[in-house]
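# Working through the structure, step by step
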Amino acid sequence: MGKIFRFGDDVNTDEIIPGRYNVTTDPKALAEHCFFEVRPDFSKTVKTGDFIVAGENFGCGSSREHAPIAIKASGVKAVIAKSFARIFYRNCINIGLPIMISDELYDLVQDGEEIEVNLKEGRINILKTGKDIRSQGFPEFILKIIDAGGIVNFLKNHDIGELEDGI
Amino acid sequence: MGTVAEEIFSKKLSRDVSAGEIVLVDIDVTMSHDNTTPLAIKALRNTGRPLFDKNRIVIIFDHVQPPASVESATLQKEVLEFIKKEGIKNFFREGICHQVLVERGFVTPGRVIIGGDSHTCTYGALGAFGTGVGSTDIGVSYATGKNWFRVPETFYFDVNGSFSKGVYPKDLILKIIGKVGARGATYKACEFGGKTIEDMSLGDRLTLTNMAIEMGGKTGLIKTDKVTENYLKSRGYPYQEIVPKDPNYEKVFEFDVDDLTPQLAVSPRVDNVYPVEKYAGTEVDEVFIGTCTNGRIDDLEIAARMFKGKKLSPLLKTIIVPASNEVYFQAMNRGYIKIFMDAGAMVCNPGCGPCIGRHQGVIAPGDRALTTMNRNFIGRMGSDKGEIIIASPATAAATALTGKITDPREVM
Ligand code: SF4
């Protein structure tokens, strides 16, 4: 169970982590400045297990990985949006930040509401109304990357071919 | 069986693959440039593994070349040390990455190529699957020789008719992006076909696939044919046929170029597309002809024909950057460089030139630049108080001649 931080359409990587804080690759330092300009209270109020809910094209802009790293290091459990920018989507999976696509959720929830999420089954439960929403679950292949905490961590203990094992 | 994208992945894996599947494939070429290689090296180090196969790596210095600041010189020095230490042979400093990879035979039909650059989507003009990725992806391919993909659904652009005088493939791709929108093709493979495409030179095809990313596309693709085969065989590079078989397209768009007129994309969005007439007469401060979109010999030829025997106003910065050394030599042998310099244009060394706003023609606050680039985002060429307008090489050359946005049909 976690709280929702709700954002609009076209949230770009500069809003997620302003360019001038990109000088570091330390996840903690990045997390401190996450959404610093558009939502200065974010880093102080977000708790481990919270969620980001957004509209279309979340993560557009630069291909830099600082943006998903900042979100993940903030403790966000998953980002649920109507759609994601392509390179951002890949970067999230590669660094182990779960993302879900849902057309429905955005219009059904307010900022600060609570939801419960089952990543594997792609189920989202809105606590206030009890409404259950389905999104696409992750295929086994992608779940293995996310479970390992990202593809770099996966490669520390596995051969890349193991992503296909049992599929 | 399937679209060009599905055919490539099916051939690669020797089984039928369709859109939506997640696949793990061998990466034939992993490319990065002076801006993205430092992070890729870091990503490789983070995996704790050695390079899997140094021969499948290509590094190009093109973005800020030669280095224009102590910072860029220092970063490039680090990359050079990596190249020397690892014994990487495929290292070039002779033009824009996407042009050099095509000229040097790294891009051949059926190959899967990733690049630390968003315009890696260009390679589909030769029936290869190219896509831009982040630094972790480059590091993963460095370390394992493989990477994962979700096979994309395809939007098909069926283009027919013939271009009128003064109208070019750049006008077509701007028109398409204006219609589809900057995120209208997100995640999709954008496949171009039809009579107009069949009649196009390889260089013009590269202009189209190059801009697939500007509508959100994962890649741009064109099936192989005689044009592809002739280009590759004339250079001794391998050819194989990659054509769609009974494809199932998610969407089909039809375009007829018979009535197409010269187009512009005005600041700050690539999908802000209008006919040139709408802005005719607007004064500009800089004209730039070059980039991976329009810095090839056909593009320079258009400008050379229009500049021949003319004088450009020195009040205007007119900058020409051939896409590669090969293009530069051709332009020299054909007398274009002399024409440009006689006219008063500045010809810079092959590379990205002012496209990323760090050297060779940075714009000032209040400057308006008309360029053959693929992006007009705020701040891309320097000051965030400047304006960037994208057009064809012919519109750019016409505008350089008058200092005001000019329809090329009026001066040709
Ligand atoms: S010419 Fe411009 S768009 Fe092309 S690779 Fe260079 S910087 Fe990128």
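Residues numbered from 1 in each chain as written. Chains lettered and ligands numbered in written order. Predicted model: local features only at pLDDT ≥ 70, side-chain atom pairs only at ≥ 80, totals over all residues. Heavy atoms only, no water.

In terms of nonpolar packing, the biggest core is built from 58 residues, with Phe35, Ile52, Phe58, Ile71 and Ile115 of chain A touching the most fellow members. When residues in this core are grouped by element, the largest group, five residues, is from helix H7 (residues 140-147) of chain A. With near-sequence residues (within four places) excluded, Ile115 of chain A lies in contact with Met1, Gly2, Ile4, Phe51, Ile80, Leu105, Val109, Ile124, Asn125, Ile126 and Leu127 of chain A. Core analysis: the next-biggest nonpolar cluster, separate from the first, contains 35 residues, Val266, Met306, Leu370 and Ala400 of chain B among them. (Core = buried A, V, L, I, M, F, W, Y, C linked by side-chain atoms within 4.5 Å. Buried < 20%, exposed > 50% of the residue type's maximum accessible area, 1.4 Å probe, protein only. Helix = DSSP H or I, 4+ residues; strand = E, 2+ residues; numbered from the N terminus. Contact = heavy atoms within 4.5 Å.)

With 26 residues of chain B at the contact, the number on the chain A side is 31 residues. Roughly 2,500 Å² of surface becomes buried between chain B and chain A when both sides are summed, with 61% attributable to carbon and sulfur atoms. Between chain B and chain A we count two salt bridges in total. Linking Asp10 of chain A and Arg183 of chain B is a salt bridge whose minimum nitrogen-to-oxygen distance equals 2.4 Å. Taken together, chain B and chain A are joined by 13 residue pairs in polar contact (both at pLDDT 80 or more). Elements that contribute at least two residues to the side of chain B that touches chain A include exactly strand S1 (22-26), helix H2 (37-47), strand S6 (129-132), helix H5 (135-144) and strand S7 (146-150) of chain B. In terms of residue count, the dominant contributor to the side of chain B that touches chain A is H5 of chain B (five residues). When its residues are assigned to classes, the side of chain B that touches chain A shows nine nonpolar, eleven polar and six charged. (Buried area = accessible area lost by both parts, 1.4 Å probe. Salt bridge = Lys/Arg side-chain N within 4 Å of Asp/Glu carboxyl O. Polar contact = N/O pair within 3.5 Å; in protein donor to acceptor, adjacent residues only side chain to side chain. Nonpolar A, V, L, I, M, F, W, Y, C, P; charged D, E, K, R; others polar.)

All names here are of chain B. You can read the domains of chain B as domain 1 (4-255) and domain 2 (264-410). Spacing between the C-alpha centres of domain 1 and domain 2 amounts to 24 Å. The partner domain 2 presents 38 residues to the 38 residues of domain 1 that form the contact. In total, about 2,900 Å² of surface goes out of reach between domain 1 and domain 2, with carbon and sulfur atoms giving 56% of it. Sorting the residues of domain 1 by area buried against domain 2 places Ile96, Lys170 and Leu174 first, and these three jointly supply 20% of that buried surface. Applying the counting rule to domain 1 against domain 2 returns two salt bridges. Arg375 is the salt-bridge partner of Glu214, the closest N and O atoms lying 3.1 Å from each other. Summed over the shared surface of domain 1 and domain 2, the result is 23 residue pairs in polar contact (both at pLDDT 80 or more). (Domains from an automatic or database assignment.)

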